[in-house]
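Descriptive analysis of the structure
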Amino acid sequence: MKAKVRAAQFLSKATFGPTQESIDSLARRIGEVGYKRATSQWIDQQFDLQPTSHEAVARDIIHVDGREPNTQNIGVSLYRYQAWWHIALTSEDQLRQRVAWALSQIFVIGDSGTGFNNDDKRSIGGGRATITDWLGMSDYYDMLAEGIDGTYRELLEDVTYHPCMGDWLSSRGNRKANISAGRFPDENYAREIMQLFSVGLYHLHQDGRLMTDESGNLIPTYDNEQIKELGRLFTGFKYKHYSRNDFYVPRNFGEPMEIHVAEHDNNLNYSEDPNAPASKTVFGTVLPPLPSAVTQADVKAEIGAGLDAIANHPNVAPFICRLLIQRMVKSNPSRAYLRRVTRIFNDNGRGVRGDIKAVVKAILTDPELYRGQRVVRRRNPTRVDVIVRGTEYSRLREPILRSTSLIRAMRPTTNYAAGYMMLSNSVGGEFGQMPFRSPSVFNFYLPDYQPPGDLIGYTPSRRNPYDSLVAPEFQILNGVTANKMLNRFRVWTYRRYVEYGMRKGTCRITFHLEPELELARDLDNLDEILQRFDLWLCNGSMSEATKTSIKNAIASEPSASHVERLEVILNAVVLSPDCAVEQ
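Here's a quick rundown of the structure. Here the residue index of a chain counts from 1 through its sequence in written order. Residue-level local features of this predicted model are given only where pLDDT is at least 70; pairs of side-chain atoms are given and counted only at 80 or more, and the full residue set underlies all totals for whole chains, interfaces and linings. Heavy atoms from the whole structure form the basis of all side-chain values; hydrogens and water molecules are not counted.

With that out of the way, let us pick up the sheet that holds strand S8 (residues 413-414). Here, any two strands with at least 2 DSSP bridges between them count as paired. Helix and strand definitions follow DSSP, with helices as H or I runs of at least four residues and strands as E runs of at least two, each counted in order from the N terminus. Overall, antiparallel pairing links the three strands, which are arranged S8-S10-S9 in an open sheet. If you trace the sheet from one side to the other, it starts and ends with S8 and strand S9 (497-501), each paired once. In terms of strand pairing, S9 meets strand S10 (residues 506-510) through five bridges, oriented antiparallel. Residue pairing in the sheet places Gly501 in a bridge with Thr506 of S10.

Written out as structure tokens, the structure reads:
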């Protein structure tokens, strides 16, 4: 049982939710070779799988429905969300997709971007046509999933050149300065690539602690002059086109942006200061001067040198590693945890910086992942107790992960054609969260969010790099979302199926709990049922007090049918704090 608890706890961080089959398989391997080796092998096997393409799945669902990606006036862009749900619930490459979900909450774009939901495509010369506009966000997500095979620096460049990011943060169409006209480059992407995608606001030690100057003040990582320099660097981006050379070419969300040399800042006449240097500086690195006759290759080389300077900043490792740990493991990684992971980010052991796979493996195989739970064997009666350490070792589960974990654990099947298993994007209004629908570049919640009020009776330990605790997911937990989410889970558990209208027809995802229904006929089997649901949905962390409360509630209704008993137990487990808070 101890190996199963360890397996469930690991899989809850590395997938969209463990299943009985995946728990049994990993637990068996843990018993054979030990925890560290078994989980490391599992990670390698997962990363060897081919990425599941969101764009390809969306296109196939459309094909199954007898439509086309540019079918007009049917809300075709909603297939984007259907594809996401199907992949999260069923794909074999669970780890890659889970990491992509984490990356999508760091390199954020949202579907409120201009044209992101259009059902049009267009010619771009040379006999070529664009993808339909709404597929651009799926293409962006696939880029994140595929980028896991490379380095942070490579992914940062892919993000910088993607046209959806270009439109989202207005680097596409960003023009060089025209002093006489009072026009200066847009600084939106310049600001956010530093604040959100790389270094953050303040200098950090490698263990995540904030640096201070001699007066005890935090040290900013950049100033307004640095924003201006990067604003100049990220000029000249335009959509890819195969026959037109002008700056304003038709929208193309399916290919990396290219450079319009005439609108890239060439280090001349960009400032009202006549002595302004003919160069750009990024974090103290002076970029190579541009030649008098600038080519697109020259501009790309300059942008690449600027991205090098950003990616090599010492803040990148602790800043990005902390965000990944928050999205995959816990809200408050310790100084030691961060130090161990940032060491791998800085050098994967083979001289490579920012190896994303190596960083993910370091996060998921670190001892701190399972230190939130202590598994103890007991006698009289013989059992395994899981003692949780709480607070600094835990986090509130994201609503999306609570829903995927529930569905995946229930041995689900679907009635939709070709086996597609999908939810509606309408759940975003109930959860306060929906893939592709971040309300701003700051994601659904801030990494440093703290619920209002004092934390009574608890003082953060010295392990914590900030001397305070954060709880990002609580930012979207309020009276409205809590009520709607719990009501939705109640409907799912009492029906034992999930059903939503799709672009064509409905999709019903049925829970198959026949073995547990049979057990529920006898009150003596309540412990066995609870043990199963606890393992699948709470990683074995459910307290004895919660279990006792559930059993007492069932015992108080002796006339209830076995079906009613099981539905009440499942609902009680799903709504319990033990399930909501992941250890």
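The discussion continues.
Its location among the elements puts Arg503 in the loop between S9 and S10. The contact rule is simple, with two residues in contact once any of their heavy atoms fall within 4.5 Å. Those residues in contact with Arg503 that lie beyond four places of it in its chain are Arg67, Ile74, Gly75, Leu78, Tyr79 and Gln82. At 2.9 Å, the side chain of Arg503 forms a polar contact with the backbone oxygen of Ile74. We call two N or O atoms a polar contact when they sit within 3.5 Å, provided that within protein one can donate a hydrogen and the other can accept it, with sequence-adjacent residues counted only if both atoms are side-chain atoms.

Attention now goes to the side chain of Asp93. Within the secondary structure, Asp93 sits in the loop between helix H5 (79-90) and helix H6 (94-104). Remark: exposure states derive from per-residue accessible area (1.4 Å probe, protein chains only) relative to the maximum for the residue type, with buried under 20%, exposed over 50%, and partly exposed in between. Charged-residue counts in this description rest on Lys and Arg as positive and Asp and Glu as negative, His and the chain ends being excluded. Basic side-chain nitrogens of Lys or Arg form a salt bridge, by our definition, when they fall within 4 Å of a carboxyl oxygen of Asp or Glu. Buried and unpaired, Asp93 has Arg96 as its nearest opposite-charge partner, separated by 4.6 Å. A polar side-chain atom of Asp93 sits 3.0 Å from a polar atom in the side chain of Gln97. In contact with Asp93, not counting residues within four places along its chain, are Gln46, Leu49, Gln50, Pro51 and Thr52.

Attention now goes to helix H14 (residues 335-346). Helices are assigned an expected span. That span is 1.5 Å times one less than the residue count. For H14, with 12 residues, the first-to-last C-alpha span of 16 Å sits near the 16 Å given by 1.5 Å per residue. Along H14, the residues that are buried comprise Tyr337, Leu338, Val341, Thr342 and Phe345. Looking straight down H14, one finds its buried side chains confined to an arc of 120°; they lie on one side. Elements in contact with the buried residues of H14: helix H8 (152-161), helix H13 (316-328) and helix H15 (356-365). This arc corresponds to the set of directions leading from the helix axis out to the C-beta atoms.

What follows is about the packing of aromatic side chains. To pair, rings of Phe, Tyr and Trp, with the six-membered ring standing in for Trp, must have centres within 6.5 Å; the planes then decide the type, stacked if under 30 degrees apart, edge-to-face if over 60, and tilted in the middle. All told, the structure shown has 23 aromatic pairs when counted by the stated rule. Each residue in the set Phe107, Tyr152, Tyr161, Tyr189, Phe197, Phe234, Phe237 and Phe345 is aromatic and connected to the rest through ring pairs, giving one cluster. Should the NZ of a Lys or the CZ of an Arg lie within 6 Å of a ring centre and within 35 degrees of the ring normal, that charge is described as sitting over the ring. One residue, Arg128, lies across the ring of Tyr242, its end atom 4.0 Å from the ring centre. The ring of Tyr270 carries Arg232 above its face, with NZ or CZ at 3.3 Å from the centroid.

Axis lines are fitted through C-alpha atoms, for helices just across the contact stretch, and the angle between N-to-C directions can take any value from 0 to 180 degrees. Look at H6 against helix H7 (residues 136-147): their axes get within 9 Å of each other, and the N-to-C directions meet at 120°. When the axes of H6 and H7 are compared, the pair comes out oblique. Relative to H7, the crossing made by H6 is right-handed. The residues of H7 that touch H6, namely those facing Arg96, Gln97, Ala100, Trp101, Leu103 and Ser104, are Tyr141, Leu144, Ala145 and Glu146. Charged means Asp, Glu, Lys or Arg here, nonpolar means Ala, Val, Leu, Ile, Met, Phe, Trp, Tyr, Cys or Pro, and polar covers whatever is left, Gly included. Of the residues contributing to the contact of H6 with H7, the split by class is six nonpolar, two polar and two charged. The labels follow the angle: roughly parallel below 35 degrees, roughly antiparallel above 145, roughly perpendicular from 65 to 115, and oblique for the rest. If you view the pair so one helix is near and one far, a crossing is left-handed when the near helix is turned anticlockwise from the far one by less than a right angle, and right-handed when it is turned clockwise.

Right, let's talk about helix H18 (residues 479-495) for a bit. With 17 residues, H18 should cover 24 Å at 1.5 Å per step; its first-to-last C-alpha distance of 24 Å lies within 8% of that length. Listed as buried for H18 are Thr481, Met485, Phe489, Trp492 and Thr493. Down the axis of H18, the sector holding all buried residues measures 90°, keeping them to one side. Residues Gly479 and Val480 are exposed on H18 and point more than 90 degrees away from its buried face. At its buried positions, H18 is contacted by helix H16 (399-409), helix H17 (427-431), S9 and helix H22 (562-575). By the N-cap criterion, in which a side-chain oxygen at the helix start approaches the backbone nitrogen of a residue two or three places on, H18 is capped by Asn478, the distance to Val480 being 2.9 Å. Among the residues trailing H18, Arg496 stands out with phi positive, at a value near 65°.

A few words now on the pattern of salt bridges. Taken as a whole and judged by the stated rule, the model has 45 salt bridges. Residue Arg29 pairs with Glu32 through a salt bridge whose shortest N-O separation is 2.9 Å. Linking Arg29 with Glu32, this pair stays in helix H2 (residues 20-33), spanning three residues, or about one helical turn. On the accessibility criterion, Arg29 (30% relative accessible area) is partly exposed. Within this structure, Lys330, Arg340, Asp366, Glu368, Glu392 and Arg463 form a network of salt bridges that share partners.

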